[in-house]
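Each chain, letter by letter, is given below.
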Amino acid sequence: AAKQAAEAAGEGNGLIKVGIINNDPNESGYRTANDRDMKATFTEENGYEASFYYSLKNEDQIAAAQQFVQDEVDYLLISAAGTSGWDSVLQDAQDAGIKVILFDRTIDADESLYEASIVSDMAQEGQTAVDWLAGQNLDEYNIIHLQGVMGSSAQIGRSGALQDMADSNANWNIVKQQTAEWNAETAQQIVQSVIDSGTEFNVIYAENDDMARGAVQALDAANISHGIGGDVIIMGFDCNSWALEELLAGNWNYDGQCNPFQASYIDDIIKNGASEKVVIMEERGFEAATITQEDVDNYGI
Amino acid sequence: MEKNSVLEMRGICKYFPGVRALEQVDFTLREGEIHALMGENGAGKSTLIKVLTGVYHKDGGEVYIKGIDKPAVIRSPQDAQNVGISTVYQEITLCPNLTVAENMYIGRTKGLLTNWKKINADAGKLLDDLGIPAIPGQQLGSCSIAVQQMIAIARAVDMNCKVLILDEPTSSLDEQEVAKLFKLMLDLKKKGVGIIFVTHFLEQVYEVCDRITVLRDGKLVGEYVIEDLPRVQLVSKMLGKDFDDMADIKSESDTENIDYSSTPVYQAKGLEGTTGIKPFDFSIHKGEVNGFTGLLGSGRSECVRAIFGADKVNGGEVLIDGKPVKINKPLDAMKNGISYLPEDRKRDGIVGDLSVRDNIILALQVMKGFFKPISRAQAEEFADEYIKLLNIKTASSETPIKSLSGGNQQKVILARWLLANPKYLILDEPTRGIDIGTKVEIQKLVLKLAGEGKSVTFISSEIDEMIRTCSRLVVLRDGKVVGELKGDELTQNKIMATIAGGES
Amino acid sequence: MSSNTKASTPALKKMFDRKTMTDTRVLLIITIAVFLIMYASAVIFLGKGFSKPQTFFNILNENAALIILSCGMSLVMITGGIDISVGQVTALCCMSCAVHLDFHNGSVFTALLISLGIGLAFGLIQGFLIAYLKIQPFIVTLAGMFFAKGMTTIVNATQFNVENEEFKALKATRITVPGMGSVNKAGNYVPAYVEIGVIVALVIVILLFILLRWTKLGRGFYAVGGNNQSANMLGINVTRTKFMAHLLCGFLAGIGGFVYFMHVGSGSPSHASGAEMNAIASSIIGGTMLTGGVGNIVGTLFGVLSLSTIKNIVSSLGLDEAWWTNITIAAMLCIFLLVQSVVLARKNRKKA
Amino acid sequence: MSSNTVKKQTSLAGLAKSVVRKQIFIPIAALLILVLFNLIADPSFFQITLQPNSEGYNVLSGNIISIIDRASELVILAIGMTLVTSASGGQDISVGATIAIAGSVVLRVLCGSNTRPDTLQAPVIVAFIVCCLVSMLFGAFNGTLVAYFKIQPMVATLIMFTAGRSIAAWINNNELPVISDPKFAYYGNFIPGIPIPTPVFITAACLIVIALVLKFTNLRLYSQAVGINPHSSRLNGINPQMIKFITFVILGLCVAVAGFIKVSRLSTINYSVVAKDIEMDAILAVALGGNALGGGKFNMTASVIGAYVIQFLTTTLYKYDVDSAAISAYKAVVVIILVVLSAPIVREKMGEVKKKLFPAKTAKEAA
Ligand SMILES: Nc1ncnc2c1ncn2[C@@H]1O[C@H](COP(=O)(O)OP(=O)(O)OP(=O)(O)O)[C@@H](O)[C@H]1O
Ligand SMILES: Nc1ncnc2c1ncn2[C@@H]1O[C@H](COP(=O)(O)OP(=O)(O)OP(=O)(O)O)[C@@H](O)[C@H]1O
Ligand SMILES: [Mg+2]
Ligand SMILES: [Mg+2]
């Protein structure tokens, strides 16, 4: 496969042309880390000629993919903003002999249309987190559930596990379920409104670190203790380094990892061929009780 | 309904917040007559017309149209058109973004599709017939108001109507155009069309009309056959009081007082605008009233706009009291004591949604500066003073200016510039749409200002008025100054001859 | 001075005739010219995919729905209104159709009806509120946008591809453009193609062009937008005209929704997000004024093409710092608008 | 701040009637409806408590406090948006994006090149001033396009709308700085010892400033005149372009203050979600205030109340556990009900119905 790739690139400067379609890195710390990783890997020294396109809109991404197909790149690397609507462009790519590798986000298309997909399993992330929460053995779980943008794969995956648990256990109550659209400030407002209305709660399950941060700010203003030994358990996702530091300081309780470093896997697949169609990123959850400075340095993004 | 009447209105009432615009007004229009609707500014003429054509919904009364037994229901101008009423409104009501041809035919063609070829050809023919200088395919907004007014008239007369309403159609037309219009009206009259004609020009009334209905303060004064009502009586009916004639106005002022050897208050040398007028020299002295005259579109307005800096100025030199100054924009002119009352009231004059008070103080306020607002009390005082002085008919000084009658709007703009207390006042068609009583008041005012040592430039389409007020006339033709008339030369004939270019 | 335009004057000469040059026409000429220049420079300086005809047809394929939405937007903008609900209405149509096809075993035809029905319903209600109750179009359609957004997630909160076979066949239908094509990377000759949506869009462009140019209703839109008081006094039913504009715009959003659906083949709450802004921008680039009374459907078509060509150029450039993508798009938009503004100003200065 | 004075009315009914006719009636009625709804549904909504926060000093809390606090940015933006609307007859849709820029600038100045500094690298006031200057610069950019190039506001600002968040990311080199110094958080939360949230004071200051500006300058008169009729404004010596330009610069200043509060609330920024969709809310505030979006006359007080109405609505919706997915649909329904009830035509019609029901009374009033 490496030979094939080199052949394909043979005509020009010997570099492999990759078209990389990603979400805008200013979306979150996760994305920034992911983008930085991609840029560090797909360099000329590594034998690549990379073209980037960034957009948070699925349709813009698809249009850019079409353009890359017309521009005859060798590989198309896609982190799709939405899961749907990709099949026809992938078909065109395949017809033109362009290989597609998905990273970070999976899409809803036939497996034969892409070489490989290197993604996070959002449902698994959610499950890991909920399992950890169940392990806390509280008498009663009164949860404020702060959701991401409705319909995003991260929201669906991370909400699913919690919803299932709450549906099947009588002592798990979701006292508030509201989308804060990944926005810390909206999260702050929502939690504040719960506090203002006097509802009891002891868990905040925020689907990313930003929203957890906003929630904590609201708790602080109302003098509600949180973290280790506190009244409210704080859970977040993404493992931003500042979030892990909060864990280390005992202010939060749990942070689920969402691994942004797929570039090396992709590099490997391009150069050595794919061994599996779907590579699920290794991910874990961190809890305040056991996290170490080393973890913060290694896993913080 | 009377036998030969085409239109009858009975007991029409219309109220606006704070105003009883019409109170139990009756009006009858007969077949083949030209019926003048007369009254002071704000008497309710336009309102009566708008009620009739469905622009306003009446608060009482009934309308009967020939051929319909029941009271006619007219809830929109479209309905009015359908029952055979065609109207030229006081404020030009055409769409500036459409072409001339389209403005003439929109809203009244049958069928689903617009036949461009046909309407362009028809419009072209109509424009040619009426001698209107416009091209069918031209955007209406690029025509001068006079031309727009003619287009509106062309549109109305072209409709196959039973009733034709003309609300001050002549206010921005010159004599030739007016003559053309009268010919049209007489033709239609022969065909049995009833015409309602609103104007403030008494001569015009006596020239073409058969009957007169007079309104005062929203109430009917009476209907008269023209022969039975001499001018003086008509005027006193309109004003509700006796009226001193205006023939002797000029004698009140003494033009001999002007010192032509002194430094002119304003002097321009080779002033050149970007709007198509040729470079011209001009000067005006303290206490002088001068005028610009010429045919429609001869560039009178362009000249004074260049003086005021309203249009971009290309070159030339300006001296104020002998000192050279730069006038690039209106504010420069205002700071140098020049005021300008523009001819296009709707576009350049009023600020429609602002109150009468704000409209009055606007210019003075701007001259005082951004950081020195006139206090509320002071503004009230100014407004009240001028509302009284110019007899402006308004519910209060809070009323938005756009709900005033046309003539009263004009007075507000005049008040604005008087308040600015200029040493040189330019009035471009100040009496357009102003009733006879007030017109005389304004002419008197102009002469009084001159007597107080101010200089005034007075432009009017009525030569009579110019002769009465001006001591010197600058004559323009095709954007060029072609002559200057003074003293004894100020006669109708002489002026007409100079305008037409017979001599000189 | 008056001279009738002779029927024999060649169309082109008439188009550039100074005396009858309307703002609409100037803007149209600018838009087409700038588009052509932009596309030509992309072909010359970027080369790559731009030299292939399929790139152009891809732009059409990707934007068929946007063309339709922008046409609707132009209509309401010509009457002096605005409709910012179109994007979310599109999303709602997609989601409803998708749910109908996959969860309720619906047919493509009923899905189409649903889409049109939704569009029509939005058009009716918004049109009623705007025209008959005289509420500002911006608020009404902003509320419409919120409502459609909420309804989309209520219908179904997740995104999914439609599996209905009948629909998939329709979606996959490609119409080859005769005589055009290029050799792809694999060395095969592929004919250029367009999707069904493009045909729909072009038909709509033609129909609306006819509507605006020749029908009474269409001319009424211009009159109302130019000055609605005048239009009223000229005997046009302003209320009904405004209502019709918003109704049509809603209906076109329904059609656009279905075309979008045919292109993406899925339902998602994030579909067509921001499409209203693209539609407004395209209309304006195409020479329609937000203040009303000025505009042209052909211009709108070129507005969409210009806007998406800008995006394609940016992706073809492959800028490596993320922020450059949006900044470049914005800068090109800015240049475009400046050219438009300067040319228009020059023209109007000459006239005066 | 309204320019309209309430004329002395002899009877109470007359007073009520004149209030109903006023523009400001619309947002006030909207506010009253929301208050009434909450009073009936759950009076505890209005509870305000004084409690210690985690720092140990007492602060006020409760829904009402939240509303007043949270509405701050919107209110401040509504001020600028009202002026821009009045003078230019269009709206600035880039305020959300330029808030991202403003916030990014503040953090950039405070953090220097280190994204996680332990101490502030510059005094907060310096950061604030730089942020104001930068925001005004972007306001000036929009203003130039609108005023001097005559590009319609919504498209002119579409440029910054597109580029703004990317520019914000670029300013901080795509990093997401976090400030740990608690002093910076004072401006978006509480100052120790003061029980009222700081943004409330900042908003009050802005309102006072704009009230003074409107009172002691001719900004109101000029921008209204320009918005209503630029031709006649020019002939009266006003420079319409300059006025439009100035309103955009003022809006830039409002954006700076709002952006500053925003970043201070959380001591960090997320470029793509900070102040997301706030432009729509700001425009809605102006519209709910009964101001014509086509420009001209404006009522600042009404816009400000409009902004509070929006926040009141948002907080109410959060409180009543409206389904996440449906929240915007509810918002739409409430907005439509409010504007329909306040539409002049509807009020007129309702008046007619009233007249029919109580003919005697209205006849007496008329007389
Ligand atoms: N839309 C309106 N709102 C409020 N008041 C109005 C409105 N239109 C007219 N009026 C008032 O009605 C009265 C009659 O106005 P109208 O325009 O009919 O006068 P007119 O006789 O045509 O005067 P002119 O000769 O100046 O045109 C005036 O006092 C005017 O202020
Ligand atoms: N906005 C405009 N666009 C194009 N031509 C114009 C415009 N305004 C005026 N003109 C033309 O400029 C010439 C001079 O017009 P101007 O208004 O100065 O005439 P005038 O002598 O003042 O006559 P009146 O005031 O009776 O209309 C005319 O030919 C007129 O048609
Ligand atoms: Mg009148
Ligand atoms: Mg003139």
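Each value, and the rule that gives it
Residues numbered from 1 in each chain as written. Chains lettered and ligands numbered in written order. Predicted model: local features only at pLDDT ≥ 70, side-chain atom pairs only at ≥ 80, totals over all residues. Heavy atoms only, no water. Donors = N, O, S within 2.8 Å, 3.2 Å for Na, K, Ca; no water. Helix = DSSP H or I, 4+ residues; strand = E, 2+ residues; numbered from the N terminus. Buried < 20%, exposed > 50% of the residue type's maximum accessible area, 1.4 Å probe, protein only. Contact = heavy atoms within 4.5 Å. Buried area = accessible area lost by both parts, 1.4 Å probe. Salt bridge = Lys/Arg side-chain N within 4 Å of Asp/Glu carboxyl O. Polar contact = N/O pair within 3.5 Å; in protein donor to acceptor, adjacent residues only side chain to side chain. Near = heavy atom within 4 Å. Nonpolar A, V, L, I, M, F, W, Y, C, P; charged D, E, K, R; others polar. Phe/Tyr/Trp six-rings, centres within 6.5 Å; stacked < 30°, edge-to-face > 60°. Lys NZ or Arg CZ within 6 Å of the ring centre and 35° of its normal. Domains from an automatic or database assignment. Pairing = 2+ DSSP bridges. Axes fitted to C-alpha atoms, helices over the stretch in contact; angles between N-to-C directions. Patch = residues over 30% accessible without salt bridge, like charges linked within 9 Å, V, L, I, M, F, W, Y side chains within 5 Å. Areas by Shrake-Rupley, 256 points an atom, 1.4 Å probe, with all protein chains shown as cover. Lys, Arg positive; Asp, Glu negative; His and termini not counted. Charge placed at Lys NZ, Arg CZ, Asp CG, Glu CD. Parallel < 35°, antiparallel > 145°, perpendicular 65-115°, else oblique.

(A) Structural context of the coordination of the magnesium ion (ligand 3). Residue and element names in this part refer to chain B. In the first shell of the magnesium ion (ligand 3), the protein supplies S46 (OG) and Q90 (OE1), at 1.9 to 2.1 Å from the metal. With S46 in helix α1 (residues 45–52) and Q90 in the loop between β5 (85–88) and α3 (100–105), this residue pair connects regions lying 44 residues apart in the sequence. Residue S46 shares its accessibility class with Q90, and that shared class is buried.

(B) Layout of the coordination of the magnesium ion (ligand 4). Residues and elements named next belong to chain B. Coordination of the magnesium ion (ligand 4) by the protein comes from S301 (OG), E343 (OE) and E343 (OE), over a distance range of 1.8 to 2.7 Å. Taken as a pair, S301 in helix α10 (residues 300–308) and E343 in the loop between β15 (338–341) and α12 (345–349) lie far apart in primary sequence, 42 residues in all. S301 sits in the buried class, given a relative accessible area of 10%. The class of E343 is partly exposed, set by a relative accessible area of 23%.

(C) Here's a closer look at the interface of chain A and chain C. In this assembly, 41 residues from chain A lie in contact with 47 residues from chain C. Taken over both partners, the interface formed by chain A and chain C buries close to 3300 Å², and the fraction arising from carbon and sulfur atoms is 43%. Considering only the side of chain A, the residues that lose the most area to chain C are A:E59, A:Q67 and A:Q70, jointly responsible for 17% of the buried surface there. Our count for the chain A to chain C interface comes out at four salt bridges. As a salt-bridge pair, C:R174 and A:D92 come within 2.9 Å of each other at their nearest N and O atoms. Inspection of the chain A/chain C interface yields 15 residue pairs in polar contact (both at pLDDT 80 or more).

(D) Highlighting the site of ligand 2. All names here are of chain B. In the vicinity of ligand 2, the residues found are S142, S144, L295, L296, G297, S298, G299, R300, S301, E302, E343 and E429. Here an oxygen atom of ligand 2 sits 2.3 Å away from a polar atom, N or O, in the side chain of R300. Within the side chain of E343, one N or O atom sits 2.6 Å away from an oxygen atom of ligand 2.

(E) Inspection of the interface of chain D and chain B at higher detail. Every contact between the two is made by 21 residues of chain D and, on the other side, 32 residues of chain B. Buried area between chain D and chain B, both sides added, is near 2300 Å², and the carbon and sulfur share of it is 58%. Of all residues in chain D, the largest losses of buried area upon contact with chain B belong to D:L221, D:L235 and D:N236, amounting jointly to 29% of the total for that side. At the junction of chain D with chain B, the criterion picks out zero salt bridges. Counting residues per element, the ones that place at least two in the side of chain D that touches chain B are α9 (198–216), α10 (219–228) and α11 (230–235) of chain D. When the residues that make up the side of chain D that touches chain B are grouped by side-chain class, the tally is eight nonpolar, 10 polar and three charged.

(F) Just the packing of aromatic side chains, in detail. Residue and element names in this part refer to chain C. All told, the structure shown has 35 aromatic pairs over all chains when counted by the stated rule. A centroid spacing of 5.6 Å and a plane angle of 65° characterise the contact between Y132 and F243, whose relative ring orientation is edge-to-face. On the criterion of sequence distance, the pair formed by Y132 in helix α5 (residues 108–132) and F243 in helix α11 (residues 238–264) is long-range, its members being 111 residues apart. Relative accessible area serves as the criterion here: at 35%, Y132 is assigned to the partly exposed category. Residue F243 is classed as buried on the basis of its relative accessible area, which comes to 13%. Among the aromatic residues, ring-to-ring pairing joins F35, Y39, F50, F56, F57 and F302 into one connected group. In this structure, R219 packs its charged tip against the face of Y222, placed 4.6 Å from the ring centre.

(G) Summary view of the domain arrangement of chain D. Residue and element names in this part refer to chain D. Along its sequence, chain D is organised into domain 1 (23–321) and domain 2 (326–367). For domain 1 versus domain 2, the separation of C-alpha centres amounts to 32 Å. Counting every contact that joins domain 1 to domain 2 gives one salt bridge. D281 is the partner of K331 in a salt bridge, and the nearest nitrogen-oxygen pair spans 3.4 Å. Linking domain 1 to domain 2 there are one residue pair in polar contact (both at pLDDT 80 or more). Secondary structure elements with two or more residues in the side of domain 1 that touches domain 2: α2 (25–41), α13 (278–288) and α14 (300–319).

(H) Spotlight on the domain arrangement of chain B. All names here are of chain B. Segmenting chain B into domains produces domain 1 (5–243), domain 2 (244–337 + 424–435 + 449–504) and domain 3 (345–421). Placing a centre on the C-alpha atoms of domain 1 and another on those of domain 2 gives a separation of 33 Å. Each partner contributes residues to the interface: domain 1 has 17 residues there, and domain 2 has 12 residues. Of the roughly 1300 Å² buried between domain 1 and domain 2, counting both surfaces, carbon and sulfur atoms make up 51%.

(I) Examining the sheet that holds strand β4 (residues 99–104) of chain A more closely. Residues and elements named next belong to chain A. Sheet architecture is open: six strands sit in the order β2-β1-β3-β4-β5-β11, paired in parallel fashion. In this open sheet, the two strands that pair with only one neighbour each are β2 (48–54) and β11 (278–280). Averaged over neighbouring strand pairs, the angle between their axes works out to 15° when direction is ignored. Relative to strand β3 (residues 75–78), strand β1 (residues 16–22) runs parallel, the two being bridged by four bridges. By the bridge assignment, I20 is partnered in β3 with L77.

(J) The arrangement of helix α4 (residues 87–95) of chain A in detail. Turning to α4(A), its buried residues number three or more, namely A:S88, A:V89, A:L90, A:D92 and A:A93. If you follow the buried residues of α4(A), they end up packed against α3 (58–70), β3 and β4 of chain A together with α7 (165–172), β2 (174–183) and β3 (189–195) of chain C. Following α4(A) by one or two positions, A:G97 adopts a phi angle in the positive range, close to 75°.

(K) Quick peek at a positive patch on the surface. A cluster of basic residues, B:K58, B:R75, C:K134 and D:K349, forms a positive patch on the protein surface. By the element assignment, B:R75 lies in the loop between β4 (60–65) and α2 (77–82). On the basis of relative accessibility, which here comes to 52%, the residue B:R75 falls in the exposed class.

(L) Geometry of the packing of helix α3 (residues 53–78) of chain C against α11(C). All names here are of chain C. At a minimum axis distance of 8 Å, the contact between α3 and α11 shows a crossing angle of 175°. One element, α3, and the other, α11, form an angle in the roughly antiparallel class. On α11, the residues touching N61, E62, A64, A65, I68, L69, C71, G72, M73, L75 and V76 of α3 are A245, H246, L248, C249, L252, A253, I255, G256, V259, Y260 and H263. Each residue belonging to the contact of α3 with α11 can be placed in one class, and the counts come to 16 nonpolar, five polar and one charged.

(M) Geometry of the sheet that holds strand β16 (residues 424–428) of chain B. Residue and element names in this part refer to chain B. Taken together, six strands build an open sheet; the order of strands is β15-β16-β17-β12-β18-β19 and the sheet is mixed. Each of the sheet's edge strands pairs with one partner strand only, and the pair in question is β15 and β19 (480–486). Adjacent strand axes in the sheet meet at a mean angle of 20°, parallel and antiparallel pairs treated alike. Its contacts with the sheet put α10 on β12 (289–294), β15, β16, β17 (455–459) and β18 (472–477), and the angle it makes with β12 is roughly 135°. Sitting on the sheet, helix α15 (residues 406–419) touches β15 and β16, and the angle it makes with β15 is about 175°.

(N) Just the site of ligand 1, in detail. Residues and elements named next belong to chain B. The local shell around ligand 1 holds 20 residues, among which G42, K45, S46, T47 and G407 are the closest. The contact in question runs from an oxygen atom of ligand 1 to an N or O atom on the side chain of N41, over 2.9 Å. One of the side-chain N or O atoms of T47 is found 2.5 Å from an oxygen atom in ligand 1. When isolated, ligand 1 has an accessible area of 640 Å², and the protein chains bury 88% of it. Counting residues per element, the ones that place at least two in the shell around ligand 1 are β2 (19–30), α1 and α15. Sorting elements by how many residues they give to the shell around ligand 1 places α1 first, with three residues. Residue composition of the shell around ligand 1, grouped by class: six nonpolar, 11 polar and three charged.

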